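Listed below, chain by chain, are the residues.
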Amino acid sequence: MNKILLIASLIMFVSLSSCHSLVEDEFDNFSHIPVMNSLLQADSTFRVQVTLTANLTDSTPVYVTNAQVIIENSLDAPDTLIYTQKGWYVSSRIVKAGVSYSCKVNIPNFPQISAQTTVPEPTGIDSVVFTDLAGRGKEGEKISSVEFYVKNNPAQKRFWEVILVTEGLITEYNFETNAFEEHYGIRKEEIYMISGQDPVLLNEANPLSLFSNKLMTKNAYKVKFYINEGYTKLNGGRIPYIELRSVDESYYKYVKQYYIYESASEINIGQSSQHYPLYSNIKNGIGLFTGISASRKELLRSSEGK
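Residues numbered from 1 in each chain as written. Predicted model: local features only at pLDDT ≥ 70, side-chain atom pairs only at ≥ 80, totals over all residues. Heavy atoms only, no water.

1. Comments concerning the sheet that holds strand β15 (residues 220-228)
Reasoning step 1: With antiparallel pairing, the three strands of this open sheet are ordered in space as β10-β11-β15. Each end of this open sheet is capped by a strand with a single partner; those strands are β10 (126-136) and β15. Ignoring which end each strand starts from, the neighbouring axes of this sheet average 20° apart.
Reasoning step 2: Of the strand pairs in this sheet, strand β11 (residues 142-151) and β15 are connected by nine bridges, and their pairing is antiparallel. Looking across to β15, one finds that K151 is bridged to A220. (Pairing = 2+ DSSP bridges. Helix = DSSP H or I, 4+ residues; strand = E, 2+ residues; numbered from the N terminus. Axes fitted to C-alpha atoms, helices over the stretch in contact; angles between N-to-C directions.)

2. What to know about the sheet that holds strand β4 (residues 68-72)
Reasoning step 1: Strand order in the open sheet formed by four strands is β5-β4-β8-β9, and the pairing between neighbours is antiparallel. Of all strands in the sheet, those with a lone pairing partner are β5 (79-80) and β9 (113-118), marking the two edges.
Reasoning step 2: Alignment of β4 against strand β8 (residues 100-106), held across five bridges, turns out to be antiparallel. Each bridged residue has a counterpart across the sheet, and for I70 the counterpart in β8 is K104.

3. Some thoughts on the environment of V64
Reasoning step 1: Mapped onto the elements of the fold, V64 is located in the loop between β3 (62-63) and β4.
Reasoning step 2: In this structure V64 comes out as buried when scored by relative accessible area, which is 4%.
Reasoning step 3: Taking the C-alpha atoms as reference, V64 lies 7.9 Å from I107; in sequence the two are 43 residues apart.
Reasoning step 4: Contacts of V64, omitting those with residues within four sequence positions, involve V50, T51, L52, Y83, G87, Y89 and I107. (Buried < 20%, exposed > 50% of the residue type's maximum accessible area, 1.4 Å probe, protein only. Contact = heavy atoms within 4.5 Å.)

4. Comments concerning the pattern of salt bridges
In a structure, side chains of opposite charge can pair up when their charged atoms sit close to one another.
Reasoning step 1: All told, the structure shown has 15 salt bridges when counted by the stated rule.
Reasoning step 2: Here E72 ties to K104 by a salt bridge, and the two come within 3.6 Å at their closest N and O atoms. One end of the pair, E72, is in strand β4; the other, K104, is in strand β8, with 32 residues separating them in the sequence.
Reasoning step 3: Residue classification places K104 among the partly exposed residues on the basis of a relative accessible area of 33%.
Reasoning step 4: Residues D79 and R93 are paired through a salt bridge, measuring 3.8 Å at the closest nitrogen-oxygen approach. Of this pair, D79 sits in strand β5 while R93 sits in strand β7 (residues 88-94), and the two are 14 residues apart along the sequence. (Salt bridge = Lys/Arg side-chain N within 4 Å of Asp/Glu carboxyl O.)

5. With respect to unusual backbone geometry
Reasoning step 1: P207 follows N206 through a cis peptide bond whose omega is 0°.
Reasoning step 2: Of note, P207 is situated in the loop between α2 (199-202) and β14 (210-212).
Reasoning step 3: For K86, which is not glycine, the phi torsion reads 50° and is therefore positive.
Reasoning step 4: Inspection of the secondary structure puts K86 in the loop between β6 (82-83) and β7.
Reasoning step 5: Assessed through its relative accessible area of 52%, K86 is described here as exposed.
Reasoning step 6: Its identity as a non-glycine residue notwithstanding, N109 has a phi of 70°, on the positive side.
Reasoning step 7: Along the chain, N109 falls in the loop between β8 and β9.

6. Some details on the nonpolar core
Reasoning step 1: M36, V69, Y101 and V105 are the most contacted members of the largest nonpolar core, which totals 24 residues.
Reasoning step 2: Elements with a contribution of two residues or more to this core: β1 (34-41), β2 (45-52), β4, β8 and β9.
Reasoning step 3: Top element by residues in this core is β2. It accounts for four residues.
Reasoning step 4: In this structure V105 touches M36, V50, A67, Q68, V69, Q112 and I113, once residues within four positions along its chain are discounted.
Reasoning step 5: Core analysis: the next-biggest nonpolar cluster, separate from the first, contains 23 residues, I125, L208, F211 and M216 among them. (Core = buried A, V, L, I, M, F, W, Y, C linked by side-chain atoms within 4.5 Å.)

Structure follows, in structure tokens:
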């Protein structure tokens, strides 16, 4: 019996070794492709990261340290960004809402990569209504709701993203020191939206918290989102804020496609994983060069506990 187990173990070891060798032999290194990523946020400084795609044997992306990164617009002279670290190029200039920007990146031995985006004007948040108890979840947990209005111009393409954040002391576990630590900061909280009978959300792909005005016919639109107390606590001493992001169409397309990309990787019984490419607006490369502006309003919970 011991001999049989020993032989079986040896066969398994040889098989695994062969499979390991086969994997290494069949997956050759791919040619590097330039990657440019930048989120231009109104009233913030310019930041652009330039890297090269990684191979299976690489543990981190290949940071490009010798690129020439130039941002242009119709209002100012071209701005050549300065390299800092980990592929990031920065400038002290401030991003302006309502302005279109183009970015050109020259990397030795690669064709020039480029992209353009428009940083939208921010949209105000009006007539906020907080309902402490809007319903109950499957396990009896309290569901709260928040409603507010955004101004809309049906003649213009607009894209928005709704986020709930809390600001204050955050307790997090530090795995390096093996201890809990407190620091002041901003944390994104979990919310969800329901399409119901709303024709705008009924025609939106997930996530519903990111939507366009394609089917909006009026000059104002009512947004409603829900908070499940099982996942989001609003009584932890931090100040909650509604954040409404006005985003460029490129941001909208990327996030919608990223949701499909992530969902397709999940494997269910009787199904195999699917693969979908990510959206990119970079010419001669991959990545995302996009713009946003944000409005924020404190969430006053005057009806809390009623």
